[in-house]
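# Examining the three-dimensional arrangement
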Amino acid sequence: MIPFVDLKAQYYGIKQEVAVAISNVLESGEFILGSEVAAFEEEFAAYCGSKFGIGVNSGTSALHLALLAADIHEGDEVITTPFTFVATVAAIRYIGARPVFVDIDPRTYNINASKIEGAITKRTKAILPVHLYGQPCDMDPTLEIARRYGLVVIEDAAQAHGAEYKGRRSGSLGDLACFSFYPGKNLGAYGEGGMVVTNNPEYARTIRMLRDWGAEKKYHHVLKGYNYRLEGIQGAVLRVKLTHLEAWTQNRRAHAALYSRLLSESNVTIPSVMRDTRHVYHIYAVMSPQRDEIRRELTSRGIQTGIHYPFPVHELEAHADLGYQHGAFPEAERAASRQLSLPMYPELTSTQCEEVADAIRSVVAESFAMSGS
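Residues numbered from 1 in each chain as written. Predicted model: local features only at pLDDT ≥ 70, side-chain atom pairs only at ≥ 80, totals over all residues. Heavy atoms only, no water.

## So, the overall build of the chain
From N to C terminus, the chain includes 11 helices and 14 strands. With respect to the principal axes defined by its C-alpha atoms, the chain has extents near 75 × 55 × 35 Å. Across the 373 residues that make up the chain, the buried fraction comes to 56%. Partitioning the intrachain contacts of the chain with sequence separation of at least 6 by distance along the chain shows that 71% fall at a separation of at least 24. Summed over its atoms, the accessible surface of the chain is roughly 15900 Å², and 50% of this surface lies on carbon and sulfur atoms. Side-chain charges of the chain comprise 37 positive and 43 negative groups, with the mean position of each set lying 2 Å from the other. (Helix = DSSP H or I, 4+ residues; strand = E, 2+ residues; numbered from the N terminus. Buried < 20%, exposed > 50% of the residue type's maximum accessible area, 1.4 Å probe, protein only. Contact = heavy atoms within 4.5 Å. Areas by Shrake-Rupley, 256 points an atom, 1.4 Å probe, with all protein chains shown as cover. Lys, Arg positive; Asp, Glu negative; His and termini not counted. Charge placed at Lys NZ, Arg CZ, Asp CG, Glu CD.)

## As for the environment of Gly167
Tracing the sequence through the fold places Gly167 in the loop between strand E6 (164–165) and strand E7 (168–169). By relative accessible area, which is 64% here, Gly167 ends up exposed. Remark: the alpha-carbon pair of Gly167 and Glu216, spanning 49 residues in sequence, is separated by 36 Å.

## Some points on the sheet that holds strand E12 (residues 277–278)
Ordered in space as E7-E6-E12, the three strands form an open sheet in which the pairing is antiparallel. Strands with a single pairing partner mark the edges of an open sheet, and in this sheet they are E7 and E12. Across two bridges, the pairing between E6 and E12 is antiparallel. When the bridges of E12 are listed, Glu164 appears paired with Arg278. (Pairing = 2+ DSSP bridges.)

## Let's talk about the packing of helix H3 (residues 59–69) against helix H4 (residues 87–94)
Running from N to C, H3 and H4 cross one another at 40°; their axes reach a closest spacing of 9 Å. Taken together, the axis directions place H3 and H4 in an arrangement best described as oblique. Crossing geometry of H3 relative to H4 is assigned as right-handed. Here Thr60, Leu63, His64 and Leu67 of H3 lie close against H4, whose contacting residues are Ala87, Thr88, Ala91, Ile92 and Tyr94. Among the residues making up the contact of H3 with H4, the classes are represented as six nonpolar, three polar and no charged. (Axes fitted to C-alpha atoms, helices over the stretch in contact; angles between N-to-C directions. Parallel < 35°, antiparallel > 145°, perpendicular 65-115°, else oblique. Left-handed = near helix turned anticlockwise from the far one by under 90°. Nonpolar A, V, L, I, M, F, W, Y, C, P; charged D, E, K, R; others polar.)

Quick look at the structure:
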(Lines give C-alpha, C1' and ligand atoms only; values in the text may rest on other atoms or scores of the structure.)
Protein backbone atom coordinates (compact mmCIF):
# COMPACT_ATOMS: atom_id res chain seq x y z
CA MET A 1 0.00 0.00 0.00
CA ILE A 2 1.09 3.56 -0.71
CA PRO A 3 -0.45 5.82 1.94
CA PHE A 4 -1.60 9.35 1.20
CA VAL A 5 0.47 10.59 4.17
CA ASP A 6 2.84 8.53 6.29
CA LEU A 7 3.24 10.17 9.70
CA LYS A 8 4.85 7.08 11.19
CA ALA A 9 7.72 7.19 8.69
CA GLN A 10 8.43 10.79 9.67
CA TYR A 11 8.26 9.95 13.38
CA TYR A 12 10.72 7.07 13.09
CA GLY A 13 13.25 9.43 11.53
CA ILE A 14 13.18 11.86 14.48
CA LYS A 15 12.07 9.53 17.27
CA GLN A 16 14.99 10.12 19.61
CA GLU A 17 14.95 13.91 19.21
CA VAL A 18 11.23 13.98 19.94
CA ALA A 19 11.62 11.74 23.00
CA VAL A 20 14.18 14.11 24.51
CA ALA A 21 12.05 17.17 23.75
CA ILE A 22 8.92 15.69 25.31
CA SER A 23 10.86 14.44 28.34
CA ASN A 24 12.19 17.94 28.94
CA VAL A 25 8.64 19.32 29.01
CA LEU A 26 7.52 16.59 31.40
CA GLU A 27 10.46 17.40 33.67
CA SER A 28 9.76 21.14 33.55
CA GLY A 29 6.02 20.91 34.22
CA GLU A 30 5.41 23.68 31.65
CA PHE A 31 2.46 22.01 29.98
CA ILE A 32 0.58 25.10 28.74
CA LEU A 33 2.58 27.78 26.89
CA GLY A 34 5.94 27.99 28.75
CA SER A 35 9.53 28.23 27.53
CA GLU A 36 9.29 25.69 24.70
CA VAL A 37 6.31 27.48 23.17
CA ALA A 38 8.02 30.86 23.57
CA ALA A 39 11.17 29.55 21.86
CA PHE A 40 9.16 28.04 19.03
CA GLU A 41 7.24 31.29 18.53
CA GLU A 42 10.51 33.16 18.12
CA GLU A 43 12.06 30.55 15.84
CA PHE A 44 9.06 30.11 13.57
CA ALA A 45 8.47 33.85 13.23
CA ALA A 46 12.13 34.24 12.21
CA TYR A 47 11.74 31.39 9.71
CA CYS A 48 8.82 33.26 8.15
CA GLY A 49 10.69 36.56 8.10
CA SER A 50 8.37 38.15 10.66
CA LYS A 51 9.01 39.74 14.04
CA PHE A 52 6.30 38.18 16.20
CA GLY A 53 4.77 34.72 16.53
CA ILE A 54 1.84 33.89 18.79
CA GLY A 55 1.15 30.19 19.30
CA VAL A 56 -2.45 29.04 19.60
CA ASN A 57 -4.32 25.76 19.76
CA SER A 58 -5.30 25.46 16.07
CA GLY A 59 -5.11 27.15 12.70
CA THR A 60 -8.79 28.02 13.02
CA SER A 61 -8.10 29.84 16.28
CA ALA A 62 -5.26 31.69 14.57
CA LEU A 63 -7.67 32.95 11.90
CA HIS A 64 -10.28 33.89 14.49
CA LEU A 65 -7.86 35.93 16.58
CA ALA A 66 -6.21 37.57 13.57
CA LEU A 67 -9.61 38.82 12.42
CA LEU A 68 -10.41 40.14 15.89
CA ALA A 69 -7.03 41.86 16.19
CA ALA A 70 -7.66 43.51 12.82
CA ASP A 71 -10.77 45.11 14.35
CA ILE A 72 -13.25 43.26 12.15
CA HIS A 73 -16.75 43.17 13.60
CA GLU A 74 -20.25 41.95 12.99
CA GLY A 75 -21.57 43.26 9.68
CA ASP A 76 -18.13 43.80 8.15
CA GLU A 77 -17.14 41.98 4.95
CA VAL A 78 -14.03 39.91 4.30
CA ILE A 79 -13.09 38.95 0.76
CA THR A 80 -11.82 35.40 0.34
CA THR A 81 -12.01 32.31 -1.87
CA PRO A 82 -14.76 29.66 -1.97
CA PHE A 83 -12.18 26.97 -2.81
CA THR A 84 -10.64 26.31 0.59
CA PHE A 85 -11.15 24.25 3.71
CA VAL A 86 -14.26 25.38 5.55
CA ALA A 87 -12.27 26.76 8.51
CA THR A 88 -11.30 29.84 6.49
CA VAL A 89 -14.95 30.83 6.19
CA ALA A 90 -15.99 29.58 9.62
CA ALA A 91 -13.51 31.92 11.32
CA ILE A 92 -14.98 34.91 9.49
CA ARG A 93 -18.45 33.92 10.58
CA TYR A 94 -17.42 33.39 14.21
CA ILE A 95 -17.28 37.17 14.61
CA GLY A 96 -20.46 37.84 12.66
CA ALA A 97 -18.65 39.16 9.59
CA ARG A 98 -19.71 38.15 6.09
CA PRO A 99 -17.40 36.22 3.76
CA VAL A 100 -17.55 37.63 0.22
CA PHE A 101 -16.24 35.15 -2.32
CA VAL A 102 -14.10 35.77 -5.40
CA ASP A 103 -13.53 33.02 -7.96
CA ILE A 104 -10.17 31.33 -8.35
CA ASP A 105 -7.46 31.52 -10.98
CA PRO A 106 -7.92 28.28 -13.01
CA ARG A 107 -4.13 27.83 -13.25
CA THR A 108 -3.20 28.03 -9.57
CA TYR A 109 -6.58 27.48 -7.82
CA ASN A 110 -5.79 30.49 -5.62
CA ILE A 111 -7.97 33.57 -5.39
CA ASN A 112 -8.01 35.50 -8.68
CA ALA A 113 -6.45 38.83 -7.76
CA SER A 114 -7.94 40.51 -10.84
CA LYS A 115 -11.44 39.95 -9.44
CA ILE A 116 -10.87 41.27 -5.92
CA GLU A 117 -11.48 44.96 -6.56
CA GLY A 118 -14.89 44.25 -8.09
CA ALA A 119 -16.00 42.61 -4.82
CA ILE A 120 -15.15 45.58 -2.57
CA THR A 121 -18.01 47.49 -0.94
CA LYS A 122 -18.20 50.12 1.78
CA ARG A 123 -18.45 47.26 4.30
CA THR A 124 -15.23 45.54 3.20
CA LYS A 125 -12.58 45.50 5.94
CA ALA A 126 -10.11 42.78 4.92
CA ILE A 127 -8.85 40.43 2.23
CA LEU A 128 -8.11 36.85 3.30
CA PRO A 129 -6.16 35.07 0.53
CA VAL A 130 -5.50 31.34 0.96
CA HIS A 131 -2.13 29.96 -0.19
CA LEU A 132 -3.77 26.75 -1.38
CA TYR A 133 -1.85 23.48 -1.57
CA GLY A 134 1.42 25.26 -0.69
CA GLN A 135 1.62 27.84 -3.49
CA PRO A 136 1.41 31.53 -2.53
CA CYS A 137 -1.31 33.71 -3.99
CA ASP A 138 -0.40 36.55 -6.36
CA MET A 139 0.25 38.99 -3.54
CA ASP A 140 1.56 42.15 -5.25
CA PRO A 141 -1.76 43.10 -6.88
CA THR A 142 -3.65 41.94 -3.79
CA LEU A 143 -1.58 44.16 -1.52
CA GLU A 144 -1.81 47.11 -3.92
CA ILE A 145 -5.62 46.92 -3.88
CA ALA A 146 -5.64 46.56 -0.10
CA ARG A 147 -3.46 49.63 0.40
CA ARG A 148 -5.55 51.69 -1.99
CA TYR A 149 -8.77 50.88 -0.13
CA GLY A 150 -7.32 50.78 3.39
CA LEU A 151 -7.94 47.05 3.89
CA VAL A 152 -6.12 44.57 6.12
CA VAL A 153 -4.56 41.53 4.44
CA ILE A 154 -4.58 38.29 6.44
CA GLU A 155 -2.78 35.34 4.87
CA ASP A 156 -4.31 31.91 5.38
CA ALA A 157 -0.99 30.09 5.22
CA ALA A 158 -2.22 26.85 6.81
CA GLN A 159 -0.81 24.84 3.88
CA ALA A 160 2.17 27.05 3.05
CA HIS A 161 4.95 26.63 5.63
CA GLY A 162 8.09 27.86 3.88
CA ALA A 163 6.39 28.85 0.62
CA GLU A 164 7.86 31.94 -1.05
CA TYR A 165 6.60 34.76 -3.25
CA LYS A 166 9.27 36.79 -5.02
CA GLY A 167 11.85 35.85 -2.42
CA ARG A 168 9.66 36.50 0.61
CA ARG A 169 8.23 33.78 2.82
CA SER A 170 4.56 33.22 3.44
CA GLY A 171 3.90 34.80 6.80
CA SER A 172 5.71 38.01 5.87
CA LEU A 173 3.55 39.07 2.93
CA GLY A 174 0.39 40.47 4.55
CA ASP A 175 -0.41 42.33 7.75
CA LEU A 176 -0.96 39.06 9.60
CA ALA A 177 -0.61 35.41 8.65
CA CYS A 178 -2.16 32.28 10.10
CA PHE A 179 -0.62 28.82 10.17
CA SER A 180 -1.96 25.42 11.15
CA PHE A 181 0.18 22.71 12.72
CA TYR A 182 -2.41 19.95 12.25
CA PRO A 183 -0.44 16.65 12.17
CA GLY A 184 -0.62 16.19 8.39
CA LYS A 185 0.72 19.67 7.55
CA ASN A 186 4.23 20.20 6.21
CA LEU A 187 5.09 21.25 9.78
CA GLY A 188 2.73 19.26 11.95
CA ALA A 189 2.32 18.87 15.70
CA TYR A 190 1.45 15.65 17.52
CA GLY A 191 -2.02 17.06 18.13
CA GLU A 192 -3.58 20.42 17.34
CA GLY A 193 -1.72 23.70 17.04
CA GLY A 194 -1.52 26.98 15.15
CA MET A 195 0.19 30.35 15.06
CA VAL A 196 -0.32 33.95 14.00
CA VAL A 197 2.77 35.78 12.75
CA THR A 198 2.98 39.52 12.18
CA ASN A 199 5.33 42.49 12.13
CA ASN A 200 2.79 44.67 13.93
CA PRO A 201 3.46 44.86 17.71
CA GLU A 202 -0.10 45.95 18.52
CA TYR A 203 -1.61 43.02 16.66
CA ALA A 204 0.82 40.72 18.48
CA ARG A 205 -0.03 42.17 21.89
CA THR A 206 -3.77 41.87 21.27
CA ILE A 207 -3.55 38.27 20.06
CA ARG A 208 -1.36 37.24 23.02
CA MET A 209 -4.08 38.51 25.35
CA LEU A 210 -6.99 37.08 23.36
CA ARG A 211 -5.51 33.55 23.34
CA ASP A 212 -5.23 33.54 27.15
CA TRP A 213 -8.60 34.79 28.39
CA GLY A 214 -7.79 38.39 27.44
CA ALA A 215 -5.21 38.65 30.22
CA GLU A 216 -2.27 41.03 30.04
CA LYS A 217 -0.89 39.24 33.07
CA LYS A 218 -2.36 36.61 35.38
CA TYR A 219 -5.83 37.60 36.61
CA HIS A 220 -5.57 40.99 34.89
CA HIS A 221 -8.13 40.56 32.10
CA VAL A 222 -8.09 43.45 29.65
CA LEU A 223 -10.13 41.91 26.83
CA LYS A 224 -12.93 39.35 26.51
CA GLY A 225 -10.68 36.49 25.49
CA TYR A 226 -10.53 32.78 24.76
CA ASN A 227 -8.76 29.64 25.91
CA TYR A 228 -6.69 29.20 22.73
CA ARG A 229 -3.27 28.44 24.25
CA LEU A 230 -0.66 26.19 22.62
CA GLU A 231 0.51 23.27 24.76
CA GLY A 232 4.12 22.94 25.86
CA ILE A 233 4.60 19.46 24.39
CA GLN A 234 3.40 20.67 21.00
CA GLY A 235 5.81 23.59 21.14
CA ALA A 236 8.68 21.23 21.92
CA VAL A 237 7.76 18.79 19.13
CA LEU A 238 7.40 21.62 16.63
CA ARG A 239 10.83 23.01 17.57
CA VAL A 240 12.37 19.64 16.70
CA LYS A 241 10.44 19.41 13.44
CA LEU A 242 11.28 22.96 12.39
CA THR A 243 14.96 22.01 12.18
CA HIS A 244 14.02 19.39 9.54
CA LEU A 245 11.46 21.43 7.61
CA GLU A 246 13.77 22.65 4.85
CA ALA A 247 15.03 19.14 4.09
CA TRP A 248 11.49 17.79 4.08
CA THR A 249 10.42 20.61 1.77
CA GLN A 250 13.18 19.80 -0.70
CA ASN A 251 12.00 16.18 -0.71
CA ARG A 252 8.43 17.26 -1.41
CA ARG A 253 9.56 19.48 -4.27
CA ALA A 254 11.65 16.65 -5.74
CA HIS A 255 8.67 14.27 -5.59
CA ALA A 256 6.47 16.90 -7.23
CA ALA A 257 9.00 17.42 -10.03
CA LEU A 258 9.07 13.66 -10.66
CA TYR A 259 5.27 13.42 -10.67
CA SER A 260 5.06 16.32 -13.11
CA ARG A 261 7.60 14.77 -15.46
CA LEU A 262 5.91 11.36 -15.39
CA LEU A 263 2.43 12.82 -15.88
CA SER A 264 3.29 15.54 -18.40
CA GLU A 265 1.71 13.64 -21.31
CA SER A 266 -0.97 11.73 -19.41
CA ASN A 267 -3.97 13.99 -20.18
CA VAL A 268 -4.37 14.97 -16.54
CA THR A 269 -3.67 18.58 -15.58
CA ILE A 270 -0.60 18.84 -13.40
CA PRO A 271 0.08 21.77 -11.03
CA SER A 272 0.93 25.08 -12.65
CA VAL A 273 3.56 26.99 -10.69
CA MET A 274 3.70 30.79 -10.88
CA ARG A 275 6.98 32.49 -11.72
CA ASP A 276 8.99 33.72 -8.75
CA THR A 277 7.24 31.43 -6.27
CA ARG A 278 8.37 28.48 -4.21
CA HIS A 279 5.62 25.88 -4.07
CA VAL A 280 6.01 23.61 -1.03
CA TYR A 281 3.46 20.98 -2.12
CA HIS A 282 1.43 20.36 0.97
CA ILE A 283 -0.86 18.84 -1.66
CA TYR A 284 0.13 17.62 -5.11
CA ALA A 285 -3.14 18.16 -6.96
CA VAL A 286 -3.99 16.94 -10.44
CA MET A 287 -7.19 17.74 -12.30
CA SER A 288 -9.18 15.42 -14.56
CA PRO A 289 -12.80 14.99 -15.64
CA GLN A 290 -12.08 11.29 -14.99
CA ARG A 291 -11.17 12.00 -11.38
CA ASP A 292 -13.48 9.43 -9.80
CA GLU A 293 -12.47 6.70 -12.25
CA ILE A 294 -8.78 7.36 -11.63
CA ARG A 295 -9.31 7.35 -7.89
CA ARG A 296 -11.12 3.99 -7.99
CA GLU A 297 -8.29 2.45 -10.00
CA LEU A 298 -5.64 3.78 -7.63
CA THR A 299 -7.60 2.50 -4.64
CA SER A 300 -7.80 -0.95 -6.24
CA ARG A 301 -3.99 -0.92 -6.47
CA GLY A 302 -3.57 0.05 -2.82
CA ILE A 303 -2.77 3.69 -3.51
CA GLN A 304 -4.47 6.18 -1.22
CA THR A 305 -5.60 9.56 -2.57
CA GLY A 306 -7.59 12.54 -1.32
CA ILE A 307 -9.95 15.20 -2.65
CA HIS A 308 -9.24 18.78 -1.56
CA TYR A 309 -12.05 19.83 -1.78
CA PRO A 310 -15.14 18.05 -3.18
CA PHE A 311 -17.40 21.10 -2.64
CA PRO A 312 -16.57 24.80 -2.76
CA VAL A 313 -17.70 26.46 0.46
CA HIS A 314 -20.59 28.35 -1.14
CA GLU A 315 -22.18 24.97 -2.00
CA LEU A 316 -21.92 23.53 1.50
CA GLU A 317 -25.21 23.20 3.36
CA ALA A 318 -23.73 24.88 6.44
CA HIS A 319 -23.18 28.10 4.49
CA ALA A 320 -26.18 28.05 2.17
CA ASP A 321 -27.56 31.06 4.07
CA LEU A 322 -24.93 33.24 2.37
CA GLY A 323 -27.21 33.07 -0.66
CA TYR A 324 -24.81 31.95 -3.36
CA GLN A 325 -26.13 29.60 -6.04
CA HIS A 326 -24.46 26.93 -8.17
CA GLY A 327 -22.74 28.66 -11.07
CA ALA A 328 -21.69 31.69 -9.05
CA PHE A 329 -18.01 30.68 -9.11
CA PRO A 330 -17.52 28.39 -12.12
CA GLU A 331 -13.76 27.92 -11.80
CA ALA A 332 -14.01 26.87 -8.15
CA GLU A 333 -16.88 24.53 -9.00
CA ARG A 334 -14.95 23.00 -11.89
CA ALA A 335 -11.89 22.45 -9.71
CA ALA A 336 -13.98 20.81 -6.99
CA SER A 337 -15.36 18.31 -9.48
CA ARG A 338 -11.95 17.40 -10.96
CA GLN A 339 -9.36 17.69 -8.19
CA LEU A 340 -7.41 14.64 -7.00
CA SER A 341 -4.61 14.73 -4.41
CA LEU A 342 -1.81 12.22 -4.90
CA PRO A 343 0.37 10.73 -2.13
CA MET A 344 2.80 13.41 -0.93
CA TYR A 345 5.14 13.31 2.05
CA PRO A 346 8.91 13.67 2.46
CA GLU A 347 9.59 9.95 2.88
CA LEU A 348 7.84 8.99 -0.37
CA THR A 349 10.18 7.10 -2.73
CA SER A 350 10.78 7.54 -6.45
CA THR A 351 9.52 4.00 -6.99
CA GLN A 352 6.25 4.86 -5.26
CA CYS A 353 5.86 8.01 -7.37
CA GLU A 354 6.41 5.94 -10.50
CA GLU A 355 3.81 3.41 -9.39
CA VAL A 356 1.24 6.17 -8.81
CA ALA A 357 1.98 7.73 -12.20
CA ASP A 358 1.80 4.36 -13.97
CA ALA A 359 -1.64 3.72 -12.53
CA ILE A 360 -2.90 7.13 -13.66
CA ARG A 361 -1.47 6.76 -17.16
CA SER A 362 -3.00 3.31 -17.58
CA VAL A 363 -6.52 4.30 -16.59
CA VAL A 364 -6.43 7.44 -18.73
CA ALA A 365 -5.05 5.54 -21.72
CA GLU A 366 -7.69 2.83 -21.36
CA SER A 367 -10.43 5.42 -21.17
CA PHE A 368 -9.20 7.19 -24.28
CA ALA A 369 -8.98 3.87 -26.17
CA MET A 370 -12.56 3.00 -25.22
CA SER A 371 -13.82 6.41 -26.34
CA GLY A 372 -11.98 6.14 -29.65
CA SER A 373 -9.94 9.26 -28.93
